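Coordinates in review
Take a look at the letters that make up each chain.
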Amino acid sequence: MKIKTQQLVEKVRRSPNDSGSFEVQVAILTAKIRTYEEHLQRHPKDKRNRRCMLMAIDCRKKLLAYLRRVRYDAFENTCKQLNIQYTLPPLHRRRITKRWLVKKAFCRKVFEETRKLKAPERLKQRREWQARARAAKEKQAQCEGTPV
């Protein structure tokens, strides 16, 4: 474990005395996570170490998110050196229920119906706008053609 940690820390260390920067903390957590993964492959029912691994992953995810927000170049370098694939979290999480799905389907149906009803009106509006735009262009062309 110590050897793995030292090897990973050496890859991302800023200076020889660097032992607490975010990059080094991420490297230490990565070594811990990989050790937990090896252990859990041999002992799949070990719930405590699984929980510890998940907690370490969450901690590393927070550090990487901060690093990505503050110093993106260091974040990219750290991920590349440690072979970490960082995936962005979703913008918002919504728990999908049957009631929500039915409501959404109904809203879509209503939206489509109103859109069909308003289609002729929208077409008429669009033609008016195009006619106005054409008239404005013609007027501008006439103004440019005649010297003042």
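One can find the structure itself at the top, above this paragraph.
Below is a summary of the structure that appears in this document. (Residues numbered from 1 in each chain as written. Predicted model: local features only at pLDDT ≥ 70, side-chain atom pairs only at ≥ 80, totals over all residues. Heavy atoms only, no water.)

1. Observations regarding the overall build of the protein chain
Stated formally: Note on conventions: DSSP H or I runs of at least 4 residues are helices, E runs of at least 2 residues are strands, and numbering of each starts at the N terminus. Our radius of gyration is a C-alpha quantity, and the globule rule it is checked against amounts to 2.2 Å times the number of residues to the power 0.38. Exposure classes here rest on a 1.4 Å probe applied to the protein chains alone. A residue is buried below 20% of its type maximum, exposed above 50%, and partly exposed in between. Contacts are assigned to residue pairs that have any heavy atoms within 4.5 Å of one another. With residues, only the protein chains shown are counted as cover, and all accessible areas are computed by Shrake-Rupley using a 1.4 Å probe. Counting rule for charge: Lys and Arg are taken as positive, Asp and Glu as negative, and neither His nor the chain ends is counted. Charge placement uses NZ in Lys and CZ in Arg. For Asp and Glu, CG and CD serve respectively.
When helices and strands are counted, the protein chain shows five helices and zero strands. Overall, the protein chain shows an N-to-C arrangement of helices and strands of α-α-α-α-α. Taken against the 2.2 N^0.38 rule, which gives 15 Å for 148 residues, the C-alpha radius of gyration of the protein chain at 30 Å runs more than 25% over that of a compact globule. C-alpha extents for the protein chain along the principal axes are approximately 80 × 55 × 20 Å. Buried positions account for 20% of the 148 residues belonging to the protein chain. Long-range pairs, those at least 24 residues apart, make up 50% of the contacts in the protein chain with a sequence separation of at least 6. Of the roughly 12800 Å² of accessible surface on the protein chain, 54% is carried by carbon and sulfur atoms. When the 40 positive and 15 negative side-chain charges of the protein chain are each reduced to one mean point, those points stand 8 Å apart.

2. Here's the deal with the packing of helix H2 (residues 22-42) against helix H4 (residues 72-82)
Formally: Each axis is a line fitted through C-alpha atoms, taken for helices only over the stretch in contact, and angles between the N-to-C directions span 0 to 180 degrees. Between 65 and 115 degrees an angle is taken as roughly perpendicular, under 35 as roughly parallel, over 145 as roughly antiparallel, and anywhere else as oblique. In this scheme, a crossing is called left-handed if the near helix is turned counterclockwise away from the far one by less than a right angle; it is called right-handed if the turn is clockwise.
Remark: H2 packs on H4, axes separated minimally by 11 Å, with the N-to-C direction vectors making an angle of 30°. Taken together, the axis directions place H2 and H4 in an arrangement best described as roughly parallel. The two elements H2 and H4 meet at a crossing, and its hand is right-handed. On H4, the residues touching Glu23, Val26, Ala27, Thr30 and Arg34 of H2 are Ala74, Thr78 and Leu82.

3. Some points on the nonpolar core
What tends to happen in soluble globular proteins is that the nonpolar side chains get buried as a cluster. Our working definition: Only buried Ala, Val, Leu, Ile, Met, Phe, Trp, Tyr and Cys residues count toward a nonpolar core, and they belong to the same one when joined by side-chain atoms within 4.5 Å.
Val26, Ala27, Leu64, Leu82 and Ile84 are the most contacted members of the largest nonpolar core, which totals 19 residues. Listing elements by their share of this core, those giving two or more residues are helix H1 (2-12), H2, helix H3 (47-70) and H4. Take this core: its biggest share by element is seven residues, from H2. If we ignore the near neighbours within four places in the chain, the residues touching Leu82 are Leu8, Val12, Val26, Ala27, Thr30 and Arg34.

4. Points about the environment of Thr78
Assignment of secondary structure puts Thr78 in helix H4. Along the backbone, Thr78 and Val26 are 52 residues apart, and their C-alpha atoms lie at a distance of 8.2 Å. Other than its neighbours up to four places away in sequence, Thr78 contacts Val12, Glu23, Val26 and Leu67.

5. Some words on H1
Convention followed: In this context, the arc is that of the directions from the helix axis out to the C-beta atoms.
Buried residues of H1: Thr5, Leu8, Val9 and Val12, and no others. All buried residues of H1 fall inside an arc of 100° around its axis, so they share one side. Residues of H1 that are exposed and point over 90 degrees away from its buried face: Ile3, Gln6, Gln7 and Glu10.

6. Structural notes on the pattern of salt bridges
Let me state the cut-off plainly: Note on definitions: salt bridges are taken to be side-chain nitrogens of Lys or Arg within 4 Å of carboxyl oxygens of Asp or Glu.
Counted by the stated rule, this structure contains four salt bridges. In this structure, Lys4 engages Glu38 in a salt bridge whose closest nitrogen and oxygen atoms are separated by 2.7 Å. One end of the pair, Lys4, is in helix H1; the other, Glu38, is in helix H2, with 34 residues separating them in the sequence. With a relative accessible area of 37%, Glu38 lands in the partly exposed category. Notably, a salt bridge pairs Glu23 with Arg14, separated by 3.2 Å at the nearest N-O pair.

Read these as layout, nothing more, since geometry by itself doesn't imply function.
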